[in-house]
Amino acid sequence: EACNLICDIVGIDAFIHLIEKADLDPIYFCELTTLCPVHDCEGQCVKITDAAVAPQSGPQGTTFKIGVAMQAFNQTSTGTIAFSVLPPDGMPFGDAELVPKGFSPGTFQAGAQIETQPSEQEPFSPGVYKVDIAVCEGECGSKHPHSAVYDTKQLSFQITQQ
């Protein structure tokens, strides 16, 4: 549905060219179509002022809540707040929260929950789990224009034996 709308706005040839240029980075693609705002921030843009995980430890099945507070100093482009979890013995996983209009000066909060119910994809074995938080312009980790990492914070929580 979104692709049809963009095709209607920019035309099919322009749409195909934009897909090739964007290299499947959805925020950069959105910026190329001018549907997402571009405000390349210079100087101090966004800073993480506080971050925490609660509880700090618990057995398998515990829901860990991650909270982050940020201060934006200048207007930014469309961005993301990314939460990545690095298990002691598995593949990293995570999620990101889209900031569609970018950050405007002020304070912001975001959060994520990690339900540690064992599954085939993640056994949630006992150990220390690192949590990386990144506040970014564009998609975190993107190599495209209008992309930058403003700030990061690393936390951890521990899954204990039952």
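A brief look at the structure comes next.

Conventions adopted
- Residues numbered from 1 in each chain as written.
- Predicted model: local features only at pLDDT ≥ 70, side-chain atom pairs only at ≥ 80, totals over all residues.
- Heavy atoms only, no water.
- Helix = DSSP H or I, 4+ residues; strand = E, 2+ residues; numbered from the N terminus.
- Polar contact = N/O pair within 3.5 Å; in protein donor to acceptor, adjacent residues only side chain to side chain.
- Contact = heavy atoms within 4.5 Å.
- Pairing = 2+ DSSP bridges.
- Axes fitted to C-alpha atoms, helices over the stretch in contact; angles between N-to-C directions.

### Some remarks on the side chain of Ser 77
Consideration 1: Topologically, Ser 77 is positioned in the loop between strand E3 (63–72) and strand E4 (79–86).
Consideration 2: In terms of polar contacts, Ser 77 uses its side chain to reach the backbone amide nitrogen of His 39, at 2.7 Å.
Consideration 3: Ignoring sequence-local partners within four residues, the contact set of Ser 77 consists of Glu 31, Pro 37, Val 38, His 39, Asp 40, Gly 102, Phe 103, Glu 137 and Tyr 150.

### Here we look at the sheet that holds strand E5 (residues 93–99)
Consideration 1: Read from one edge to the other, the open sheet built from five strands follows the order E2-E8-E7-E4-E5, with strand pairing classed as mixed. The sheet terminates laterally at strand E2 (57–59) and E5, the two strands that pair on one side only. Neighbour-to-neighbour, the strand axes of this sheet turn through a mean angle of 25 degrees, independent of strand direction.
Consideration 2: Note: E4 against strand E7 (residues 127–137), eight bridges, orientation antiparallel.

### What about the environment of Leu 86?
Consideration 1: In this structure, Leu 86 sits in strand E4.
Consideration 2: Between the C-alpha atoms of Leu 86 and Val 128, which are 42 residues apart in sequence, the distance is 8.9 Å.
Consideration 3: Sequence-distant contacts of Leu 86, defined by excluding residues within four places in its chain, comprise Pro 92, Val 128, Tyr 129, Lys 130 and Asp 132.

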